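Notes for the structure review
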Amino acid sequence: MEWERLLSLKRQGDTHKRLRKEQDETRLGFEVDYDRIIFSSAFRSLQDKTQVIPLSKTDFVHTRLTHSLEVSVVGRSLGRIAGKRILEKHPHLGEVHGYRFNDFGAIVAAAALSHDIGNPPFGHSGEKAIGEYFKTGEGKNYQKSLSEKEYQDIIDFEGNANGFKLLAASKEGVEGGLRLSYATLGAFMKYPKESLPKKPSAHISEKKFGFFQAEKLVFQEVAQELGLLRTREGNDISFSRHPLTYLVEAADDICYTIIDFEDGINLGLISEDYALEYLIKLVKDSINTKKYNALVYTEDRLSYLRALAINTLIKDAIEVFIANEYKILNGTFDVSLLDKSAYRAQIDDIITISIERIYNSKEVVDKEIAGYKIISDILDVYSSALVRKMDNRASNYDSLVLRTLPEYYRNTDVSLYEMLLNTCCYVASLSDGAAILLHKKIMGMEI
């Protein structure tokens, strides 16, 4: 892969080439991407979506929105530092094409800002709940009417693929979704493959899938423009990652490793002394002991260690990225940057205790169970009503229920696959609170 193509400013529907050296420095195309994402309704809904603790009443605990903002900040730093090093190695990018290190930061920041934009309510259990309805619930009845890959899209409903749909899919009157630059769309794509074959290799880019069959042509256009490497022959679509995706992923990994851990402390799920000890192990090479000991309050000590830990992991991720740039550009770097971290042991220790004390806590599990039921019921009511409308046998109740759907999602003049997928995407668009309220209404528990 070549950086000149990977840094494409092209947007869907463009009829002429956008050159970096002709850009207005006061409002660069990559910075416009960030603005379009942050003003989108899909991004706003993240303020009431679960990061770790569903429906938490504590101000300290992160939502998907605050998590995404923090990931974008870390991503911007990663991109700028990496960009400076890349331009030193490949000076023609600046001298001939006009790229600056801030361009790399802007691309990574925008992709990182949107990295969770397609996630359903109730965290990752929300994805599983959507899939389970079609895999083992009433939705299984639609399997025979769908192609193998269409059915796989739904039973393995993937927030990353839904994110790509939100960012790039055209709707009537809206060409190209948010019309982001192809560089940002490429950096967003953690898993540049379709839903089948499932996990065909141990390469991290094939762990999940990144686009639905409905967006296959759009994805292929983006991949071709960027010069991503095709990794499979025949009918199965799979490409190598955009190199900057590794930095987006690292930003997310750094934030959830450190900040989910911090949430666990603030909620009392992890004892403060125990947590501070784990963080000190991670930053022992950079900690100013005198400054640390002068901090009186635990909150301040925790804040200091968090900042040090994030900075430590940023520097480490950059070194791994630059050392492996050749492999990354050739599509042969098959793990995340943090998997090669010099601090892998300390990271694993923190993640292990987070899984034990936070992700598997009773508070989280109880709310995820409720989330499964809520999502399943909403899907059942809407998908059944839409199918009956499609077959001209809708009941009066179906008609009433469908009036509560946004107009775009009521359309039955499409294939069964598109209609079911759109229903899944509507459910995924709901915030935790909106899903609970809607469930109460359609179940007759609230007027």
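Quick look at the structure, then. (Residues numbered from 1 in each chain as written. Predicted model: local features only at pLDDT ≥ 70, side-chain atom pairs only at ≥ 80, totals over all residues. Heavy atoms only, no water.)

Details of the overall build of the chain
A count of helices and strands for the chain gives 21 helices and 0 strands. The C-alpha atoms of the chain give 22 Å as radius of gyration, which agrees with the globular expectation for 447 residues (22 Å, within 12%). The principal-axis extent of the C-alpha atoms belonging to the chain is close to 70 × 55 × 40 Å. Every one of the 447 residues in the chain was classed for burial, and the buried ones make up 55%. The contacts in the chain between residues at least 6 apart in sequence include a share of 73% that link residues at least 24 apart. (Helix = DSSP H or I, 4+ residues; strand = E, 2+ residues; numbered from the N terminus. Rg over C-alpha atoms; globule rule 2.2 N^0.38 Å. Buried < 20%, exposed > 50% of the residue type's maximum accessible area, 1.4 Å probe, protein only. Contact = heavy atoms within 4.5 Å.)

Some details on the nonpolar core
Counting residues in hydrophobic clusters, the biggest one holds 93 residues, and the most contacted among them are Trp-3, Leu-78, Phe-164, Leu-244, Phe-261, Phe-321 and Leu-337. The element contributing the most residues to this core is helix H15 (residues 298-323), with 13 residues. Ignoring sequence-local partners within four residues, the contact set of Leu-78 consists of Leu-247, Ala-250, Ala-251, Ile-314, Ala-317 and Ile-318. (Core = buried A, V, L, I, M, F, W, Y, C linked by side-chain atoms within 4.5 Å.)

As for helix H18 (residues 362-390)
In this model, H18 (29 residues) spans 42 Å end to end at C-alpha, consistent with the 42 Å of a helix rising 1.5 Å per residue. Where H18 ends, the next residue or the one after it, Asn-392, has phi of about 60°, a positive value. (Expected span 1.5 Å × (residues − 1).)

Structural notes on the packing of aromatic side chains
Working definition: an aromatic ring pair is given by the centre-to-centre distance plus the angle between the planes. Within the structure shown, the criterion is met by 14 aromatic pairs. Relative to Phe-104, the ring of Trp-3 has its centre 5.7 Å away and its plane inclined at 70°; by these criteria the two rings are edge-to-face. Taken together, the residues span a long stretch of sequence, with Trp-3 in helix H1 (residues 3-6) and Phe-104 in helix H6 (residues 101-113) at a distance of 101 residues. Neither residue differs from the other here; Trp-3 and Phe-104 are each classed as buried. On the basis of an interplanar angle of 70° and a centroid distance of 5.6 Å, the ring pair of Phe-219 and Phe-239 is categorised as edge-to-face. Taken as a pair, Phe-219 in helix H11 (residues 216-226) and Phe-239 in the loop between H11 and helix H12 (245-266) lie far apart in primary sequence, 20 residues in all. The exposure class assigned to Phe-219 is buried, which follows from its relative accessible area of 2%. Ring-pair connections join several aromatic residues into one group, and the members of that group are Phe-164, Phe-211, Phe-219 and Phe-239. Its end group placed over the ring of Tyr-408, Lys-171 keeps NZ or CZ at 4.8 Å from the ring centre. Cation over ring: Lys-281 sits above Tyr-278, and NZ or CZ is 5.3 Å from the ring centre. (Phe/Tyr/Trp six-rings, centres within 6.5 Å; stacked < 30°, edge-to-face > 60°. Lys NZ or Arg CZ within 6 Å of the ring centre and 35° of its normal.)

Remarks on the packing of helix H7 (residues 124-135) against H18
The N-to-C vectors of H7 and H18 enclose an angle of 45°; their axes lie 9 Å apart at closest approach. Here H18 runs oblique to H7, going by the angle between their axes. As for the relative orientation of H7 and H18, their crossing is right-handed in sense. On H18, the residues touching Ser-125, Gly-126, Lys-128, Ala-129, Ile-130, Glu-132, Tyr-133 and Phe-134 of H7 are Glu-368, Tyr-372, Ile-375, Ser-376, Leu-379, Asp-380, Ser-383 and Ser-384. (Axes fitted to C-alpha atoms, helices over the stretch in contact; angles between N-to-C directions. Parallel < 35°, antiparallel > 145°, perpendicular 65-115°, else oblique. Left-handed = near helix turned anticlockwise from the far one by under 90°.)

Concerning the packing of H7 against helix H8 (residues 148-155)
One way to put it is that H7 packs onto H8 with a least axis distance of 7 Å and a crossing angle of 135°. One finds that H7 runs oblique with respect to H8. The segment H7 lies against H8, with Ile-130, Gly-131, Phe-134 and Lys-135 engaging Tyr-151, Ile-154 and Ile-155. Considered class by class, the residues forming the contact of H7 with H8 number 5 nonpolar, 1 polar and 1 charged. (Nonpolar A, V, L, I, M, F, W, Y, C, P; charged D, E, K, R; others polar.)

As for helix H2 (residues 29-38)
Residues of H2 that are buried include every one of Gly-29, Phe-30, Val-32, Asp-33 and Ile-37, and no others. Buried residues of H2, viewed axially, fall in a sector of 150°; they line one side. On its buried face, H2 sits against helix H3 (41-44), H6, helix H9 (159-168) and helix H10 (182-188). (Arc of directions from axis to C-beta.)

Re the side chain of Ser-45
With respect to the secondary-structure elements, Ser-45 resides in the loop between H3 and helix H4 (64-89). A distance of 2.8 Å separates a polar atom in the side chain of Ser-45 from the backbone oxygen of Ala-42. (Polar contact = N/O pair within 3.5 Å; in protein donor to acceptor, adjacent residues only side chain to side chain.)

Describing the pattern of salt bridges
A complete count under the given rule lists 24 salt bridges for this structure. Glu-88 serves as the salt-bridge partner of Lys-84, at 3.2 Å between the closest nitrogen and oxygen. Residue Lys-84 and its partner Glu-88 are located together in helix H4, separated by 4 residues, close to a single helical turn. Two residues, Arg-232 and Glu-206, come together in a salt bridge whose shortest N-O distance is 3.1 Å. With Arg-232 in the loop between H11 and H12 and Glu-206 in the loop between H10 and H11, this residue pair connects regions lying 26 residues apart in the sequence. Exposure remark for Arg-232: the relative accessible area of 22% places this residue in the partly exposed category. Judged by its relative accessible area of 4%, Glu-206 falls in the buried class. It is possible to trace a salt-bridge network through shared partners that takes in Asp-14, Arg-18 and Arg-179. (Salt bridge = Lys/Arg side-chain N within 4 Å of Asp/Glu carboxyl O.)

Topic: the state of the cysteines
Under the defined criterion, the tally for this structure stands at 0 disulfides. Free of any disulfide, Cys-425 has its nearest neighbouring cysteine sulfur in Cys-424, separated by 6.6 Å. (Disulfide = S-S within 2.5 Å.)

Digging into unusual backbone geometry
A cis amide bond, omega 0°, links Leu-196 with the succeeding residue Pro-197. Relative to the assigned elements, Pro-197 resides in the loop between H10 and H11. A positive phi angle is found at Arg-179, which is not glycine, with a value near 50°. By the secondary structure assignment, Arg-179 is in the loop between H9 and H10. The backbone of Lys-199 sits at a positive phi, close to 45°, despite the residue not being glycine. Inspection of the secondary structure assignment puts Lys-199 in the loop between H10 and H11.

Focus: the environment of Gly-163
Tracing the chain through its elements places Gly-163 in helix H9. A sequence separation of 44 residues divides Gly-163 from Asn-119, and the C-alpha atoms of the two residues are 7.3 Å apart. If sequence neighbours within four positions are ignored, Gly-163 has contacts with Ile-117, Gly-118 and Phe-188.

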